[in-house]
Amino acid sequence: MANRVLFIGQVWPEPASSAAGYRILQLMRAFAIHNYDVHFATAAEPTQRSADLHQEGVVTHRIALNSNTFQDFVKVLDPRVVVYDRYYTEEQFSWRAREVSPSIIHVLDTEDLHFLRADRDETSDLEKVAEVRNRELASIYRSDFSLIISSFEQRYLTEFLQISGELLVYLPFWHENYQVESNQFENTADFYFIGNLSHKPNAAAVHTLARIWPEIKLRLPQTELFVYGNYVPQALLKYHSPEQGFHLAGAFDEPLGMLRAHRILLAPLSFGAGLKGKIYEAMLYGIPFVSTSCGVEGFELTDQNEVIGDDDTDFVMKAVTLYCDADLWNRTSRRLQSDFEKQFATSQYFDAFFKQLNLVIGNVELHRGRNPVGDILRQQAFSAAKYLSKYIEQKNK
């Protein structure tokens, strides 16, 4: 079997649109660095915002849902490792890959825990949350490894849900060759928010910003708020009001470093999971932010006090104070970059993952033998998804 990895995506990666797109592209690069031939397959159509994977040296393939042509494709490609970008991608394709070869290593990139995000959303249906939780946990147990991007989620799975650490790999974002570039208060102005606006937590954050912005604008009448993001829902368009300093600015087409012209990121995220790409980028560029306890979850911050506001009053006060106090702003900027360097400017987590991966490749039977729950799910409960897919395949014929 060749030193080849196959990534299977629900969609084409859009690193400029979401942290999930950035994440999957970073994983592909990591496998390439470790001398894997990297392939990416999806049933989705590319968009104008899709990454140019050919430029990255990635070979791309189109695959079909609910079709045994996937088994033929895997048999010819002969990958050593298959990486699934979401739990439902693993549900759709892993059993087919197992039919081709039992020695393929299956890796689930959780990106974030979908069930945790759904559970925190007050509008979620409780039965739906339970279904997502059970399906996602089953996918984790079936996989040889699950990549966990947040230290909080790693602890949640191992300590609260008692999942073996042998099945989980803490693998946060990684910024190679990081160099601190100092940012200066006097070179900045205004507030911003950025994110994929079709993502429900981001849309909810914009609703919150629209509610609290008049209070900030009253205290800082010369300031503006720029909301950047692709896929703007109709429900958010009503907030665009240049005369009130609230700008739905659309996609951010400038290099991300240009965000440093803004003084503060406002990110009032009331629910979500994983690592928030907007917080990661702000720390990278030394842009102070005001967020919530949920927003900074998984980030190892030495001092959270100045950057967390969990209610409207506290959030507005923190935003106004940080905007006006140059000394506080400069101290916060330097501290965030220092925290970024400690957590993200290191390859130790990637190095540990590939070391662990190589050990399992050398003795996959031993690794799976320590996971009897996964074996049960692969043989029993998982058959429901398998036979539903086969039914759809026959129906389509």
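Definitions and cut-offs
Residues numbered from 1 in each chain as written. Predicted model: local features only at pLDDT ≥ 70, side-chain atom pairs only at ≥ 80, totals over all residues. Heavy atoms only, no water. Pairing = 2+ DSSP bridges. Helix = DSSP H or I, 4+ residues; strand = E, 2+ residues; numbered from the N terminus. Axes fitted to C-alpha atoms, helices over the stretch in contact; angles between N-to-C directions. Contact = heavy atoms within 4.5 Å. Buried < 20%, exposed > 50% of the residue type's maximum accessible area, 1.4 Å probe, protein only. Right-handed = clockwise from strand over helix to strand, strands pointing away. Arc of directions from axis to C-beta.

A. Geometry of the sheet that holds strand β6 (residues 145–148). Strand order in this open sheet of seven strands is β3-β2-β1-β4-β5-β6-β7, and the pairing throughout is parallel. A single partner strand is all that each edge strand has here, and the edge strands are β3 (59–62) and β7 (168–170). Sheet twist, expressed as the average angle between the axes of neighbouring strands with direction ignored, equals 25°. Strand direction decides the pairing type here: strand β5 (residues 105–109) and β6, joined by three bridges, are parallel. Each bridged residue has a counterpart across the sheet, and for valine 107 the counterpart in β6 is phenylalanine 145.

B. Structural detail: the sheet that holds strand β12 (residues 289–290). The five strands are arranged β10-β9-β8-β11-β12 in an open sheet whose pairing can be described as parallel. Every interior strand has two partners, whereas the edge strands, β10 (246–250) and β12, have only one. Taken together, the two bridges between strand β11 (residues 264–266) and β12 define a ladder with parallel strand orientation. Bridged to leucine 265 within β12 is phenylalanine 289. Of the strands in this sheet, β8 (191–194), β11 and β12 are in contact with helix α8 (residues 277–285), which crosses β8 at around 135°.

C. Broad picture of the pairing of β5. Taken across its five residues, β5 has five buried, putting it largely inside the fold. Alternating residues of β5 divide into Ile105, Val107 and Asp109 and His106 and Leu108, and every residue in both groups is buried. Where strand β4 (residues 81–84) and β5 come together, four bridges link them in parallel fashion. The residue of β5 that forms the bridge with valine 83 is valine 107. Taken together, β4, helix α3 (residues 87–100) and β5 form a β-α-β motif whose crossover is right-handed.

D. Representation of helix α6 (residues 151–160) within the structure. Of all the residues in α6, the buried ones are Ser151, Glu153, Gln154 and Leu157. Down the axis of α6, the buried side of the element spans an arc of 165°, and every buried residue falls inside it. α6 presents Glu159 and Phe160 as exposed residues on the side facing more than 90 degrees away from its buried surface. Where the residues of α6 are buried, they touch α4 (114–120), α5 (126–142), β6 and β7.

E. Layout of unusual backbone geometry. With a phi close to 65°, glutamate 111 is a non-glycine residue in the positive phi region. Counting through the fold element by element, glutamate 111 comes out in the loop between β5 and α4. Backbone geometry at asparagine 177 places phi at a positive 55°, although glycine is not the residue there. Within the element layout of this structure, asparagine 177 appears in the loop between β7 and β8. Its relative accessible area of 67% is what places asparagine 177 among the exposed residues.

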